[in-house]
Amino acid sequence: MRSRLGCAVVGTVAVLALVSCEELSGLSDLRPKSEDGGGEGGAGGTGGSEGEGGASGGRRGGGEAGSDTGGRATGGLEAGASGAVGTGGSEGEGGARGDTGGQAEAGVQAGASGAAGTGGSEGEGGARGDTGGQAEAGVQAGASGVAGAAGSEGEGGASGGTAGGDTGGRATGGLEPGAGGSAGTAGSTESCTMCGDECVDLESNRDHCGQCGRACTMDQVATRQCEDGLCVSQCRAGWGNCYQPEGSDPDDGCETEILKDPSHCGGCGRACVTGGRVDEVHCVGGVCTSSCKTGSVNLNRPPAPEPDDGCEVVFATNVEHCGAEGRACSSANVAERACDVGVCTSECSEGFANVSRPAAPAEDDGCELDIATNADDCGAPGRACSSTNVATRTCEAGVCTSDCDNGFANVSRPAAPAEDDGCEEVVFATNVEHCGAEGRACSSTNVATRTCEDGVCTSSCAEGHWNIEHPLAPNADDGCEAPSGGPTMVRMPEGYYIDSTEVTQAQYNAWLGTLGSSLPAQPAECSSWNTSVAPTCDWDPAARADYPVVCVDWCDAYAYCQGVGKRLCGNRGGGTNPYSDYADAAESQWYAACSSGGVSEYPYGDGYDSDACNGYDYGADETVEVGTLNGCQAAGGTGYEGVFDLSGNVWEWEDSCDGQTGQSDYCRLRGGSFYLVGSDLWCAFAYGYSRLYRSNDVGFRCCAPQ
């Protein structure tokens, strides 16, 4: 910054530099004179950067000089020193223009008036002594410039007005000069406001914060501060400046004790939660320690600046604090913990029950009861396994599986919550759910009606199936396991099965349809020569569907029975019946069925009845539809009824041959045909024919093992 003793020098030649304003007055003889005579220059102002020099002194045109106070400033610069005296010249200015203080943005202090210049032709009368210039804010007025000598077309005296306007007019014509403005003081580098005789910045002054006289207080303040006209002082520990008065209200310093104030607990604006489950609000050491209503607790107490969460734990539903603080619901044998109205109601793991539910403050014991294996609490609390007919009570997976006394079985095993019924009396001989043994049920596979006889499943089959095998206990029953294969079968008292009728043309034709162009599987005695299994006579399966198939040899009959899951009737023990045992009911399946176990000569009894079966005496002279002669069967109640035409209609091949060499072996034919009379129609009669024999009165039926 330049010295306030310097005077600005303006003109065509710089005569002096950095001389005092008093010294300048003694150098008046150096100033050139104009033809019209210049006025006396104003006093010099102190220089500032880019500022105008002192006041323009003298009058122009004889008017009263005004005075400009303060320089025109914009940016808070200090007024520049006045310019040195200039010499007059043609068309020149009368003396140097001594502009004090530069043009600055804000807060410029007025410069001293410029020194007087001598008048010149067409020159200004004396120096223009602008004091300080026009300033934007907070500029102190400069003193009026010193009068200048009159000159032609010169300004009359200095304009000695206050900042922002020229008082006094500009005059021409060498009138008497006005009084010069006195020097102004230098402006600051910032805008300011006069508070008394002090120019202050209200934005940052701690004693004049926002307005004059409004001091930031020291109450609980560590360091006073004023920012943007507000007191934002740094507070002492434990205090906060939570309220900042504005305008004319006095500052209240750090008025809030944040260690105790629930509205500003730990920091300004951090309020402890009120309402809800909070009973009384407390702030201790900057932490919210509010007391809660009954049934809640304030466990989580976040420190500042985290917000407070009030009484966050509800004893009624919180599994970690169920009924009381710190009382957790147990996890023992628990699938999912739950708390209801302060009582642990946890969901239990499989096989356990939550019987005892202690109330607070007692600890919870989880799901303490084993209901999977406990015979007194089997499947549910208090559900005891019954002792009725029981040898030893047991519980497995929540079901009573007690061992029974002799003669009883634990057939019904009710699941919880139904009560256990112990061991019931079960007749294994007839119970289809326990046929022959406990838990052995007769199968429903392809079964029309389930039955159990003497511990054996004898179920009747659904259409298209039949029951070949009858497994005995403890083996599981397999139901009607074979697909449709000819006539339905009847179980004989000996335990094996036999077709109820001779195989019909429709049934044989259905089997042929399953073969296509292939031959069926055959025994070794047939496979080398039997190249066709088709009937060779009286074959019309469409028109004679229910008539017995005829003109088939032994190999054809054997292949059919095997193809439909049965076997050609043979020995009761299985396989071929010995050729000589054709009349032994203990050996031959066919003979046992015809003779009702060896006790009858004919299927219907001991005496011959020409009208009972289709023999020669019946008079049909050909085969009849199978099963149509109701009298040609065993009497009811014998256990052999339901098997038709074992006498007459057609001869029937039996798996009973005299060798195994091939087509020349003789095999048995049984029962006679429509050609024969009574003496050839009884059960014990048999013929032997070679395996390849075919005739229009020869057919067959099938059997199945027991």
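Not measured: the values here are computed from a predicted model.

K.L.:
Which residues make up the state of the cysteines, and what values go with them?
P.N.:
Tallied over the entire structure, the rule returns 25 disulfides. Here Cys322 is linked by a disulfide to Cys339, with a sulfur-sulfur distance of 2.1 Å. Every disulfide takes its handedness from the sign of the S-S torsion; for Cys322 and Cys339 that torsion is 85°, giving right-handed. Here the residue Cys322 occupies a position in the loop between β20 (313–314) and β21 (334–336), and Cys339 occupies one in strand β22 (residues 339–340), the gap between them amounting to 17 residues.

K.L.:
Go over the sheet that holds strand β42 (residues 686–690), please, and point to the residues and values.
P.N.:
On the basis of which strands lie adjacent, the open sheet formed by four strands has the order β42-β41-β40-β43 and mixed pairing. Only two strands of the sheet have a single partner each, and these edge strands are β42 and β43 (698–699). Bridge count between strand β40 (residues 651–657) and strand β41 (residues 666–670): three bridges; the pairing is antiparallel. Note that in β41 the partner of Cys657 across the bridge is Cys667. On the sheet, helix α4 (residues 554–563) packs against β40 and β41 and is oriented at approximately 85° with respect to β40.

K.L.:
Explain the sheet that holds strand β39 (residues 567–568) to me, using residue names and the numbers behind them.
P.N.:
Taken in spatial order, the four strands of this open sheet run β37-β38-β44-β39, and their pairing is antiparallel. Each end of this open sheet is capped by a strand with a single partner; those strands are β37 (489–491) and β39. For β37 and strand β38 (residues 497–499), the ladder comprises three bridges, and the chain directions are antiparallel. Paired with Arg491 across the two strands is Tyr497, which belongs to β38.

K.L.:
If you had to explain the nonpolar core to someone new, which residues and values would you point to?
P.N.:
Ranked by size, the top nonpolar core spans 29 residues in total, and within it Tyr508, Trp511, Trp554, Tyr560, Leu568, Trp653 and Phe700 carry the most contacts. Considering every element that reaches this core, the biggest residue donor is α4, with six residues. Those residues in contact with Leu568, other than ones at most four positions away along the chain, are Trp554, Ala557, Tyr558, Cys561, Trp653, Glu654, Asp655, Phe700 and Arg701.

K.L.:
Explain the environment of Asp219 to me, using residue names and the numbers behind them.
P.N.:
Position of Asp219 relative to the elements: it lies in the loop between β8 (198–200) and β9 (221–223). Considered as a pair, Asp219 and Asp252 are 33 residues apart in the sequence and their alpha carbons are 7.2 Å apart. Beyond its immediate sequence surroundings of up to four residues, Asp219 is in contact with Asp252, Gly253 and Cys254.

K.L.:
Can you tell me about α4, naming the residues and giving the values?
P.N.:
An α-helix turns once every 3.6 residues. As a result, residues three or four positions apart point the same way. Summarising burial for α4: seven of the ten residues are buried, a large majority. Those residues of α4 not exposed but buried are Trp554, Cys555, Asp556, Ala557, Ala559, Tyr560 and Cys561. On its buried face, α4 sits against α2 (505–515), α3 (524–527), β39, β40, β41 and β44 (702–704). Taking the backbone nitrogen of Cys555 as reference, a side-chain oxygen 3.1 Å away marks Asp553 as the first, capping residue of α4. Backbone geometry just after α4 places Gly565 at a positive phi near 85°.

K.L.:
Give a description of the pattern of salt bridges that names residues and reports values.
P.N.:
On inspection of all chains with the given rule, the structure shows 13 salt bridges. Glu652 serves as the salt-bridge partner of Arg701, at 2.8 Å between the closest nitrogen and oxygen. Of this pair, Arg701 sits in the loop between β43 and β44 while Glu652 sits in strand β40, placing them 49 residues apart in sequence. Judged on exposure class, the residue Arg701 and its partner Glu652 are both buried. Salt bridges here are not isolated pairs; linked through shared partners, they connect Asp553, Asp556 and Arg694.

K.L.:
Could you give an account of the packing of aromatic side chains, naming the residues involved and the relevant values?
P.N.:
Under the definition given, this model contains 15 aromatic pairs. Measuring from centroid to centroid gives 6.2 Å for Trp651 and Phe685, while their planes differ by 40°, and the two rings are tilted. In this pair, Trp651 is assigned in strand β40 and Phe685 in the loop between β41 and β42, connecting sequence segments 34 residues apart. The same class applies to Trp651 as to Phe685, namely buried. Following the ring pairs from residue to residue traces out a cluster consisting of Tyr508, Trp511, Trp539, Tyr560 and Phe700. Stacked on the ring of Tyr579, the Lys or Arg Arg668 has its end atom at 3.7 Å from the ring centre.

Reading guide: rules and limits
Residues numbered from 1 in each chain as written. Predicted model: local features only at pLDDT ≥ 70, side-chain atom pairs only at ≥ 80, totals over all residues. Heavy atoms only, no water. Disulfide = S-S within 2.5 Å. Helix = DSSP H or I, 4+ residues; strand = E, 2+ residues; numbered from the N terminus. Pairing = 2+ DSSP bridges. Contact = heavy atoms within 4.5 Å. Axes fitted to C-alpha atoms, helices over the stretch in contact; angles between N-to-C directions. Core = buried A, V, L, I, M, F, W, Y, C linked by side-chain atoms within 4.5 Å. Buried < 20%, exposed > 50% of the residue type's maximum accessible area, 1.4 Å probe, protein only. Polar contact = N/O pair within 3.5 Å; in protein donor to acceptor, adjacent residues only side chain to side chain. Salt bridge = Lys/Arg side-chain N within 4 Å of Asp/Glu carboxyl O. Phe/Tyr/Trp six-rings, centres within 6.5 Å; stacked < 30°, edge-to-face > 60°. Lys NZ or Arg CZ within 6 Å of the ring centre and 35° of its normal.

These values are about where atoms sit, not about what they do.
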